[in-house]
Amino acid sequence: MLAIGRWYAPRILLRRAASCTTTRKATTCSAVTTRRRKEGEMVTLIVATTTDAASLGPASALLAMPGWLPGPSLQEIPSFKNGEVRLLKHDNSIISEDHLDKRWEELTGEVVEEAIFLSKHTAVSNRPSLTVHPIGVPHLRDDEVPPQGGKPGWAAPPSPRIGPWLRLLKTIAQSHNLIPEFEVTLEATHHGPEINSPTMFVEIGSTEEHWKRQDAAQVVASLIWEGLGLGGGVKVGDWNRNDGNNKVLLGIGGGHYAPRHMDIVRNDGVWVGHLLSGYALPMEDPGKSKAQGNAKDVGGTWKHAIKVAYEVTKSSFPGGEVLAHLDQKSFKSWQKNAITEFLTEQNIKIGKPGDFY
């Protein structure tokens, strides 16, 4: 959302749901296989807010499509259902309603397999944009108050759909003649709300004029409709149906719009997890020669941010190989040395562009 300022096969009976709990000391993720039954069915949660035109517009366009029925209310939040998809429409900030997955499960007995939030995006450039991104604030210290929701040191498992949906979003935007006026791009990991199911945000930017655009709202609604197979087609971005490529990109470094990582993810077949921009890797200069930089000597929360981002990305892609992709030019030599050393210590392999496709 958000001001970045200057800155399954139908007959399969078993499915796998990732759940992660993050503390300052460790991130614990479990892949729990859940038997589908009348109670405990796996569902996708779409979350929208009436306070945001860029959220309400796509939600309204989606609900105008066939098959939707009223669902139960979650603490006065109305819901709608269509197959295995549930849509919640609340009246608060999109980043303020924490633990919607857990709350929905407690209300209905349905297990939230993934969550997709609809939101506005703001940027100082005011450029029209359509963006997707994972969420979390793993770089914040325990004594810091997250400016846009979430919990310090936490990151949600990233939705495996982020990469495939970025590419699908561009295709749909082109078919609606929104390109080149609108830029279709990734954003780095940022903000809340706190949630433990695999999550992604889909946003319309970057001014009130763009947030209210009906053509942009229709593009986002079509993305969800096609991407989740609501029209009867094959779901897009289903990790369980991947084409054999098990490499997953963990982006480290660079700017908020992840240009070096984007160069890779725009290619067909690429999977992407968390994207940690430079501002999410606070590193304290040890004051040594610029050619040096030992991980143990470099303070800051960057190590925790990388560990959390890696663990929750790994949980979202069972059986996948998560490779770190570094935006090499965004780091000073001592930073790159420290990060490379730390990744080696953590047994996190570093991937080159060609390793991902």
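Data block above holds the structure.
Read on for an overview of the structure. (Residues numbered from 1 in each chain as written. Predicted model: local features only at pLDDT ≥ 70, side-chain atom pairs only at ≥ 80, totals over all residues. Heavy atoms only, no water.)

1. Looking at the side chain of Ser-79
Point 1. Within the fold, Ser-79 resides in strand S5 (residues 79-82).
Point 2. Exposure remark for Ser-79: the relative accessible area of 3% places this residue in the buried category.
Point 3. There is a polar contact of 2.5 Å between the side chain of Ser-79 and the backbone oxygen of Pro-72. (Helix = DSSP H or I, 4+ residues; strand = E, 2+ residues; numbered from the N terminus. Buried < 20%, exposed > 50% of the residue type's maximum accessible area, 1.4 Å probe, protein only. Polar contact = N/O pair within 3.5 Å; in protein donor to acceptor, adjacent residues only side chain to side chain.)

2. Comments concerning the packing of aromatic side chains
Point 1. Counting across every chain of the model gives five aromatic pairs.
Point 2. Relative to Phe-317, the ring of Trp-239 has its centre 5.0 Å away and its plane inclined at 90°; by these criteria the two rings are edge-to-face. On the criterion of sequence distance, the pair formed by Trp-239 in the loop between helix H5 (214-227) and strand S11 (247-252) and Phe-317 in the loop between helix H7 (302-316) and strand S13 (321-326) is long-range, its members being 78 residues apart. Considered together, Trp-239 and Phe-317 belong to a single accessibility category, that of buried residues.
Point 3. Ring centres of Trp-302 and Phe-342 lie 5.5 Å apart, and the angle between their planes is 70°; this geometry places the pair in the edge-to-face category. One end of the pair, Trp-302, is in helix H7; the other, Phe-342, is in helix H8 (residues 333-345), and 40 residues separate them in sequence. Each of the two residues, Trp-302 as well as Phe-342, counts as buried.
Point 4. Clustering of aromatic rings is evident, with ring pairs tying together Trp-239, Trp-271 and Phe-317. (Phe/Tyr/Trp six-rings, centres within 6.5 Å; stacked < 30°, edge-to-face > 60°.)

3. What to know about the pairing of strand S12 (residues 271-276)
Point 1. Among the six residues in S12, six count as buried, and that is most of the element.
Point 2. This β-α-β element, S11 to helix H6 (residues 259-265) to S12, shows right-handed connectivity. (Right-handed = clockwise from strand over helix to strand, strands pointing away.)

4. Regarding the packing of helix H1 (residues 53-63) against H5
Point 1. Between H1 and H5, whose axes approach to 8 Å, the crossing angle comes to 55°. The angle between the axes of H1 and H5 places the two elements in the oblique class. Our pair here, H1 against H5, has a crossing hand that is right-handed. Within the contact between the two elements, H1 uses Gly-57, Pro-58, Ala-61 and Leu-62 and H5 uses Ala-217, Gln-218, Val-220, Ala-221, Ile-224 and Trp-225.
Point 2. Split by residue class, the contact of H1 with H5 holds eight nonpolar, two polar and no charged. (Axes fitted to C-alpha atoms, helices over the stretch in contact; angles between N-to-C directions. Parallel < 35°, antiparallel > 145°, perpendicular 65-115°, else oblique. Left-handed = near helix turned anticlockwise from the far one by under 90°. Contact = heavy atoms within 4.5 Å. Nonpolar A, V, L, I, M, F, W, Y, C, P; charged D, E, K, R; others polar.)

5. A closer look at the nonpolar core
Point 1. Of all hydrophobic cores here, the largest spans 47 residues; its most connected members are Leu-62 and Leu-130.
Point 2. Val-298, Trp-302, Ala-309 and Ala-338 belong to the second largest nonpolar core, which has 27 residues in total. (Core = buried A, V, L, I, M, F, W, Y, C linked by side-chain atoms within 4.5 Å.)

6. As for the sheet that holds strand S6 (residues 85-90)
Point 1. The strand order across the open sheet built from eight strands is S4-S5-S6-S3-S7-S10-S8-S9, with neighbouring strands paired in mixed fashion. With partners counted over all chains shown, the strands left at the sheet margins are strand S4 (69-70) and strand S9 (183-186), one partner each.
Point 2. The sheet contact formed by S4 and S5 spans two bridges and is antiparallel. By the bridge assignment for S5, Leu-69 is matched with Lys-81.
Point 3. In the packing of H5 onto the sheet, contacts are made with strand S3 (42-49), S5, strand S7 (111-122), strand S8 (129-133) and strand S10 (199-206), and the angle to S10 comes to roughly 165°. (Pairing = 2+ DSSP bridges.)

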